[in-house]
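The chain contents come next:
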Amino acid sequence: VALVTVAVLVGAGCASSGPTHASGTTRGAAGAGTIGDHYFPTSGNGGYDVTHYDIRIGYSPDRPQIRATTTVESTATRMLRSFELDLAGFTVDRVTVDGRPADVSRHRAKIVVHPSTTLAESRRFVTRVTYHGVPHTITDPSEPKTADAGQLGWTRTSDGDVFVVSEPVGARTWFPGNDHPSDKATFAVTVTVPDSVAVAANGTLHRRAAPGRRQAWEWTMDQPMATYLATVVIAPMRVQRSTSAAGVPIRNYFRDDAFGFDSQSFTKTGTMIDYFSSLFGAYPFGAYGAVVVQPKIGYALETQTMSVFGSDMLGTDLDAEMTVAHELAHQWFGDSVGIRRWADIWLNEGWATYAQYLWAAHSNSSFDLDRTMIDLRASEGAKLTPPNNPGPDGLFTGSIYERGALTLHALRRTIGDTKFFEIAKQWNAKYRYSTATTTDFIALTSAVFGRDLTTFFHAWLDADTIPRLP
Ligand code: ARG
Ligand code: ZN
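Note that the structure is predicted; figures quoted are calculated from it, not measured. (Residues numbered from 1 in each chain as written. Chains lettered and ligands numbered in written order. Predicted model: local features only at pLDDT ≥ 70, side-chain atom pairs only at ≥ 80, totals over all residues. Heavy atoms only, no water.)

Draft legend 1. Quick peek at the overall build of the chain. Within the chain, the regular secondary structure consists of 10 helices and 24 strands. Its C-alpha atoms put the chain at 70 × 50 × 45 Å along the principal axes. By the burial criterion, 60% of the 470 residues in the chain qualify as buried. Carbon together with sulfur atoms contributes 51% to the accessible area of the chain, which is approximately 18100 Å² in total. One finds the centroid of the 42 positive side-chain charges in the chain at a distance of 6 Å from the centroid of its 47 negative side-chain charges. (Helix = DSSP H or I, 4+ residues; strand = E, 2+ residues; numbered from the N terminus. Buried < 20%, exposed > 50% of the residue type's maximum accessible area, 1.4 Å probe, protein only. Areas by Shrake-Rupley, 256 points an atom, 1.4 Å probe, with all protein chains shown as cover. Lys, Arg positive; Asp, Glu negative; His and termini not counted. Charge placed at Lys NZ, Arg CZ, Asp CG, Glu CD.)

Here it is, written out as structure tokens:
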């Protein structure tokens, strides 16, 4: 469900590079090869809006190849002669649109699909892409361009485990789609593997059918999800199930050989879910959990309903606990309420960081939140550049996390606890399962406060010098 208007047609050069179809009408336009987000101009596409992905993958831990079929249900937002999908690598075996073979060409990390007939505006259509090959990670464009810069997307370890972390643009490494957070869709992911391994993914495990000696793990994510939040983890794992006191189901997936150790980091998840539900509104999804992957990836990711943790993110100290709280808080701030453009990333990270401090204060009577914020501003403030519109390589910097959280604390001190938490709830109610922008946030906070807060936010989000905490 895309809300971005196409502002820049960066993909103009590639939009018409495919073969023209003799029998098709020449009326209708080529869908843009960009969605118009200038942080990642080659990400996302114009001319259609995805409503559902059905991704089916066959994998064996003893070899890196996958065989896959992804079905993409979309609505044309204009008359379309052709359209593009993000997909990096692979051999594309076959593409159909509404069951009829379509011409396809490749252009960098895009496939350009020419349906046999032009698609009318508002037409719902189904694109099916069959592909195979060895998935390749892509270098994380949000990290400094060093030799050990992080990798995004479908990642295979030397043991044959697989995990997927895609923020911001890694989804194209495993399925064709409209790879931008403004175009959310529901997902069904079915991975067929030998019975030596388990598969964790987003949403609900529907069934585990066993064709022969392989198991098809069928997961569905029934609430809209951004492409970067889709994950799959394949490893020898076991599930740990519980329920929060208020009734939210929890399923954690830990590797068999680390189960006891890994599970120690997640003993408070249920209490955290119920606490955040009391602050932000009911937990937005049907279940929650963590999956721990063996590599030390240096971060955790709030993949919807099933956060991925690198094995270096675990522990029983307050720091590790705050990371668990941080990824959980993202389920409200980032996942249910998503960002419409990458420039607004502080809305995700500022809230998740502030929420991790809220948890620390709630669960630990000696944790002084106000003091912590004052000290954070004093020690780091001079280094924290403005968090609004940080540029593609500034998405995950201290400015975003820390000055984002400080902005929210300053807001709370300015408008008072009652209105501050009223805003947290209204924000989640108003933009649930959708996307929003900083402008939307300023409008909502100003409405709840009863006075325009543009100047306040400008100072905290845009000014070079960080303001004093009120
Ligand atoms: N959103 C994740 C978190 O705050 C961090 C993702 C970092 N991503 C990256 N590509 N380095 O927990
Ligand atoms: Zn975060």
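Further notes follow.
Draft legend 2. Representation of unusual backbone geometry in the model. Of note, the bond from Glu167 into Pro168 is cis; its omega dihedral lies within 30 degrees of zero at 5 degrees. Mapping Pro168 onto the fold places it in the loop between strand S12 (162–165) and strand S13 (185–194). Here the phi dihedral of Ser122 falls at roughly 75 degrees; this positive angle occurs in a residue that is not glycine. On the secondary structure map, Ser122 appears in the loop between strand S8 (110–114) and strand S9 (124–133). Phi at Thr305 is positive, roughly 70 degrees, even though this residue is not glycine. Considering the arrangement of structural elements, one finds Thr305 in the loop between strand S21 (300–301) and strand S22 (307–310).

Draft legend 3. Expanded view of the sheet that holds strand S2 (residues 48–59). Overall, mixed pairing links the eight strands, which are arranged S6-S5-S9-S3-S2-S13-S16-S15 in an open sheet. Both outer strands of the open sheet, strand S6 (100–101) and strand S15 (204–209), are each paired with one neighbouring strand and no more. Both S2 and S13 contribute to a ladder of seven bridges, which runs parallel. Bridged to Asp54 within S13 is Ala188. (Pairing = 2+ DSSP bridges.)

Draft legend 4. Geometry of the pairing of strand S14 (residues 198–201). A two-sided burial pattern is seen for S14, the buried positions comprising Ala198 and Ala200 on one face and Val199 and Ala201 on the other. Judged from the four bridges that link them, S14 and strand S17 (residues 232–235) form a sheet pairing that is antiparallel. For Ala201, the partnering residue across the bridge sits in S17 and is Val232.

By themselves, these observations are geometric and do not establish any function.
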